[in-house]
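Commentary on secondary and tertiary structure
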Amino acid sequence: VKMERQAVNFIHSVDVDTMESGNNSNGGNGHNSYSVQSCEVGVTRTASSDIEARIYGNGKSTVIIKEMSQDERGKLAAFQISSDINAMDEVEKQVEKLSMKKAHIEPLKLFFLGCVAGWWVGLAVILTVTLSGGIPVEVRNAWPMLPKMLVGFFFPTAIWFIMIFGGELFTGNSMYMIVGFIAKRVTIWELLYNWSFVLVSNFTGCVATVYFFGYLTDLFVAEPAHSYITHVAEYKINLKPEVAFLRAIPANALVCTCVLFGMSAKDMTGKLVGMWFPIFVFATSGFEHAIANMAYVPLGLMYGAEASYKKWLYQNLLLVILGNIVGGGLIVGLSDYYLFDWTNAVHRVNAAMLSKIGNQEFTEENLRKVFASFDQDGNGTIERSEFDQAIADMGVKAPPELINTLWMNSDTDGNGCLDFDEFSDLLKKMRDFEKYGRDDVIFQRPASAQG
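The model shown is predicted, which means the values in this text are computed figures rather than measured ones.

1. Section: the overall build of the protein
Per the secondary structure count, the protein includes 18 helices and six strands. Residue burial in the protein is summarised as follows: out of 451 residues, 46% are buried. A fraction of 75% describes how many contacts in the protein between residues 6 or more apart in sequence connect residues 24 or more apart. As displayed, the protein offers around 22,100 Å² of accessible surface, 60% of which is attributable to carbon and sulfur atoms.

2. Remarks on the pattern of salt bridges
Scanning the model with the defined rule gives six salt bridges in all. Close ionic contact of Lys93 with Glu96 constitutes a salt bridge, the shortest N to O distance being 3.9 Å. Highlighted residues: Lys93 and Glu96, both in helix α2 (residues 88–103), separated by three residues, approximately one helical turn. Note on accessibility: Lys93 and Glu96 belong to one class, buried. Glu288 serves as the salt-bridge partner of Lys236, at 3.1 Å between the closest nitrogen and oxygen. Of the two residues, Lys236 is situated in helix α9 (residues 225–237) and Glu288 in the loop between α11 (268–285) and α12 (290–302); the sequence distance between them amounts to 52 residues.

3. Topic: α2
In this model α2 runs 22 Å from its N-terminal to its C-terminal C-alpha over 16 residues, within 8% of the 22 Å that 1.5 Å per residue would give. Three or more residues of α2 are buried, namely Asp89, Val91, Glu92, Lys93, Val95, Glu96, Ser99, Met100, Lys102 and Ala103.

4. A closer look at the confidence of the model for the protein
When pLDDT is averaged along the protein, the result is 79, and 75% of the positions lie at 70 or above. Below a pLDDT of 50 lies the segment residues 1–66, which in the model reaches 147 contacts outside its immediate sequence neighbourhood of four places, other chains included. Taken together, the stretch residues 438–451 has pLDDT below 50 and engages in 40 contacts with residues farther than four places along the chain or on a different chain.

5. Some remarks on the packing of helix α6 (residues 156–164) against α11
Contact pair α6 / α11: the axes reach a minimum separation of 9 Å and the direction vectors enclose 135°. Between α6 and α11, the crossing angle belongs to the class labelled oblique. The element α6 and its partner α11 pack so that their crossing is right-handed. Contact with α6, carried on its side by Pro156, Ile159, Trp160, Met163 and Ile164, involves Met268, Leu272, Met275, Trp276, Ile279 and Phe280 of α11 and no other residues of that element. Among the residues forming the contact of α6 with α11, the class breakdown is 11 nonpolar, no polar and no charged.

6. Observations concerning a nonpolar patch on the surface
A cluster of nonpolar side chains, Trp119, Tyr211, Phe212, Phe213 and Leu216, forms an exposed patch at the surface whose accessible area comes to about 470 Å². Take the nonpolar patch: its biggest share by element is three residues, from helix α8 (residues 188–215). Mapped onto the fold, Leu216 is located in the loop between α8 and α9.

7. Observations regarding the packing of helix α3 (residues 107–132) against helix α5 (residues 145–154)
Here α3 crosses α5 at 150°, and the two axes come no closer than 9 Å. The angle between the axes of α3 and α5 places the two elements in the roughly antiparallel class. The way α3 lies across α5 gives a crossing that is right-handed. Residues Leu127, Thr128, Leu131 and Ser132 of α3 form the contact with α5, whose participating residues are Pro147, Leu150, Val151 and Phe154. Class assignment of the residues belonging to the contact of α3 with α5 gives a composition of six nonpolar, two polar and no charged.

8. Points about the packing of aromatic side chains
Tallying each qualifying case throughout the model produces 24 aromatic pairs. When the centroid spacing of 6.1 Å and the interplanar angle of 25° are considered together, the rings of Phe203 and Trp312 count as stacked. Of this pair, Phe203 sits in helix α8 while Trp312 sits in helix α13 (residues 309–340), and the two are 109 residues apart along the sequence. Among the residues examined, Phe203 registers a relative accessible area of 31% and is labelled partly exposed. By relative accessible area, Trp312 is classed as buried at 2%. Through a chain of ring-to-ring contacts, the aromatic side chains of Trp119, Trp120, Phe161, Phe165, Tyr211, Phe212, Phe213, Tyr215, Phe220 and Tyr303 assemble into a single cluster. Lys102 extends its terminal NZ or CZ atom over the ring of Tyr176, reaching a point 4.7 Å from the ring centre.

9. Some remarks on the environment of Met175
Looking at where Met175 falls in the secondary structure, it is placed in helix α7 (residues 170–182). Met175 gets classed as buried once you look at its relative accessible area, which sits at 0%. Sequence separation between Met175 and Thr257 is 82 residues, and the spatial gap between their C-alpha atoms is 9.6 Å.

10. What to know about the nonpolar core
In this structure, Val121, Val129, Phe155, Ile291 and Tyr296 are the most contacted members of the largest nonpolar core, which totals 62 residues. Beyond its immediate sequence surroundings of up to four residues, Val121 is in contact with Phe155, Ala158, Ile162, Leu169, Cys206, Ile291 and Ala292. One finds Ile357, Phe374, Ile382 and Phe387 within the second-largest nonpolar core, a separate group that totals 25 residues.

Criteria and thresholds
- Residues numbered from 1 in each chain as written.
- Predicted model: local features only at pLDDT ≥ 70, side-chain atom pairs only at ≥ 80, totals over all residues.
- Heavy atoms only, no water.
- Helix = DSSP H or I, 4+ residues; strand = E, 2+ residues; numbered from the N terminus.
- Buried < 20%, exposed > 50% of the residue type's maximum accessible area, 1.4 Å probe, protein only.
- Contact = heavy atoms within 4.5 Å.
- Areas by Shrake-Rupley, 256 points an atom, 1.4 Å probe, with all protein chains shown as cover.
- Salt bridge = Lys/Arg side-chain N within 4 Å of Asp/Glu carboxyl O.
- Expected span 1.5 Å × (residues − 1).
- pLDDT = per-residue confidence, 0-100.
- Axes fitted to C-alpha atoms, helices over the stretch in contact; angles between N-to-C directions.
- Parallel < 35°, antiparallel > 145°, perpendicular 65-115°, else oblique.
- Left-handed = near helix turned anticlockwise from the far one by under 90°.
- Nonpolar A, V, L, I, M, F, W, Y, C, P; charged D, E, K, R; others polar.
- Patch = residues over 30% accessible without salt bridge, like charges linked within 9 Å, V, L, I, M, F, W, Y side chains within 5 Å.
- Phe/Tyr/Trp six-rings, centres within 6.5 Å; stacked < 30°, edge-to-face > 60°.
- Lys NZ or Arg CZ within 6 Å of the ring centre and 35° of its normal.
- Core = buried A, V, L, I, M, F, W, Y, C linked by side-chain atoms within 4.5 Å.

Laid out in C-alpha cells, this is it:
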C-alpha cells in the first residue's frame, strides 16, 4: 500500500477482505489496482482514488481504516521518507568508473583539461586577493580572520567551475585514482600518468592565469592589495616543512569531501551548497592546497615577494602535494572505498560461483551441470530460495543487498525465477568481470530499486 503524505498521521492499515474478479485493471492476471478516497478512522470504505493499493485475489474489495499508535506513526513516517541525494555506495561506484575514464584520457586532452582547471583556480585566486587585499592594513592586522573568511567564502567558485564546466584537478584526482587503484580499476602506471600530466598542467594554467590577468593587468600594484599578496606568498614559503605537510592533509580531505558532496546531490542547488561548505572550512582555517598555492605564491613573487621559486618548490610545494595526497587519496579515498565498495564482496561471490565450472569451457553442457546444482527441485528453473541457499552453502559472505542486486539484474523477465539462459548470462558476466575488470553493470543497483 502506498499512502499519501497527508494520511500518514492517522492511517494504520488497508485490509483487503475480498475482491471482485471481473474488475481487473492489469491485463486479466488477477493483479488489480484499488485506492482509498477518504481516511476516517474506523470507517470501512470501498477502494476509489487517493491511496493506491495493489491487490491479488478474487472477490469484492473493501478497506478498513484503523487508528495507529504513536510508535507506529513514527515507523510509517520513517519508512516513507525518500532520499533527495544519491546513495554513497552509488557515489563510490561512480568514483571508480571516473578513475577508469580519467586513466584513459589522451595526453593532449588531459593536459588541456588540467590547464582549464588551473585557469579556474587562478581566477578564483585573483578574486579572493581583490576582496581580501582590499581590506585596509590596520583592519587586517586587527581582525586577521576577515581576509580568511572572504577567501573561504569565495574560493569555492573555483571548484564549482571545475565540477560543472569541466577540468582536471590534481587534488581531486588524488582521490579518484587511489580509489580506482585499490579497486583494481587502474594500474599504478595509469595513476602516475594521470597525476603527472594533471599536476604539470594545473601549474601551467595557474601561473599563466595569474601572470596574464593578475600581474600584467596591474591589479595589485597599489596598497593595500600589494602588501597583502606579497605577505601571503612570503608566509607560505617560510612555513616549516612539517607544518606545510600537516596543513595540507585536512585541506585536500575537505576538497575531496566537497567532490563527494557534489556527486551526491541530484540538483544544481544541492551541488553548489554541498560543495561550498567543505571548501569554506579548509580555506578559512588556513590549510594548504597545492594547486591554490600554484596561483597565490607565483602571483606574490611576481609582485616582489622576498623569496625564490626554488625555495617555494622544495620547502613548500612538494610537501603540500604529498600532504594533499595523504588527505584526499588515503584518508577520504580509502574511507570511501572501504565504507561503501562492493568490489571485494563481488569478487567473493564470483569466485564461489565460477568455482562450480572450474577451468572448464563455457559450453552448454558444462553450464547445464552448474545450473542443475542450483536447481535443487529439478523443475528447470532456479527460484530465489534455491539461489540464496546455494550461495549460503558455498560459505560466501556478501551483503544481502548485493545478492538482491545480482538476482534483480539476472531475472530479466521478472518472473521470480531464473531459467537456463538467464543463469548462463549471469555466469558469463561474472567471468568477464573477473577477466577484464570493466563490465560491472550486473553489479549495479537497478534504478527501480534505488528508493
